[in-house]
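So the chains spell out like this:
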Amino acid sequence: MQPQFTPTRRQLLRLAATSVLTLPAAAAAREPVYSDNPDSRYICVEPDCSPYVYDPAVGDPDRGFPPGTRFQDLPGGWFCPDCGAPKWQFAALD
Ligand SMILES: [Zn+2]
């Protein structure tokens, strides 16, 4: 008969630490809802924003993204230049 596995206190603490550490990663992995149209414009839905519209024909040249850069090709860490909202707070316009 095999002895039943009983986690030690150390193993339980490690498990708890792992759970806490993976939570922010899950939040950062939140993805915008992309349009089927790859050349779609995207609008910032943050209520306090002017609002800013990302137009791929314009890009975000001030931050190194030339005209022609599609919204979905912007890095996950890209954020609204007007209000700082994360990329997933944008909605497709087209
Ligand atoms: Zn914004």
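Residues numbered from 1 in each chain as written. Predicted model: local features only at pLDDT ≥ 70, side-chain atom pairs only at ≥ 80, totals over all residues.

Moving on, we get to the overall build of the chain. Looking only at helices and strands, one finds 1 helix and 3 strands in the chain. The buried share among the 94 residues of the chain stands at 10%. Put simply, 64% of the contacts in the chain that link residues at least 6 apart link residues at least 24 apart. (Helix = DSSP H or I, 4+ residues; strand = E, 2+ residues; numbered from the N terminus. Buried ≥ 20, exposed ≤ 12 C-beta atoms within 10 Å, placed from the backbone. Contact = placed C-beta atoms within 7 Å.)

Taking strand neighbours across the sheet as the criterion, the 3 strands line up as 2-1-3 in an open arrangement whose pairing is antiparallel. At either margin of the open sheet sits one strand with a lone partner, and together these are strand 2 (53-54) and strand 3 (90-92). The pairing of strand 1 (residues 42-44) with strand 2 spans 2 bridges and is classified as antiparallel. Bridge assignment links Tyr 42 to a residue of strand 2, and that residue is Tyr 54. (Pairing = 2+ DSSP bridges.)

Cis rather than trans, the peptide bond between Ser 50 and Pro 51 has omega equal to 0°. In this structure, Pro 51 sits in the loop between strand 1 and strand 2.

This paragraph deals with the nonpolar core. Counting residues in hydrophobic clusters, the biggest one holds 7 residues: Tyr 42, Cys 44, Tyr 54, Phe 71, Leu 74, Cys 80 and Phe 90. Beyond its immediate chain neighbours, meaning those up to four positions away, Phe 71 contacts Ser 40, Tyr 42, Tyr 54 and Pro 56. (Core = buried A, V, L, I, M, F, W, Y, C linked by C-beta atoms within 7 Å.)

The next subject is the environment of Tyr 42. Position of Tyr 42 among the secondary structure elements: in strand 1. The exposure class assigned to Tyr 42 is buried, which follows from the 26 C-beta atoms found within 10 Å. For the pair Tyr 42 and Gln 72, spaced 30 residues apart in sequence, the C-alpha to C-alpha distance is 9.9 Å. In contact with Tyr 42, other than residues within four places in its own chain, are Tyr 54, Phe 71, Phe 90, Ala 91, Ala 92 and Leu 93.

Keep in mind these values describe shape, not function.
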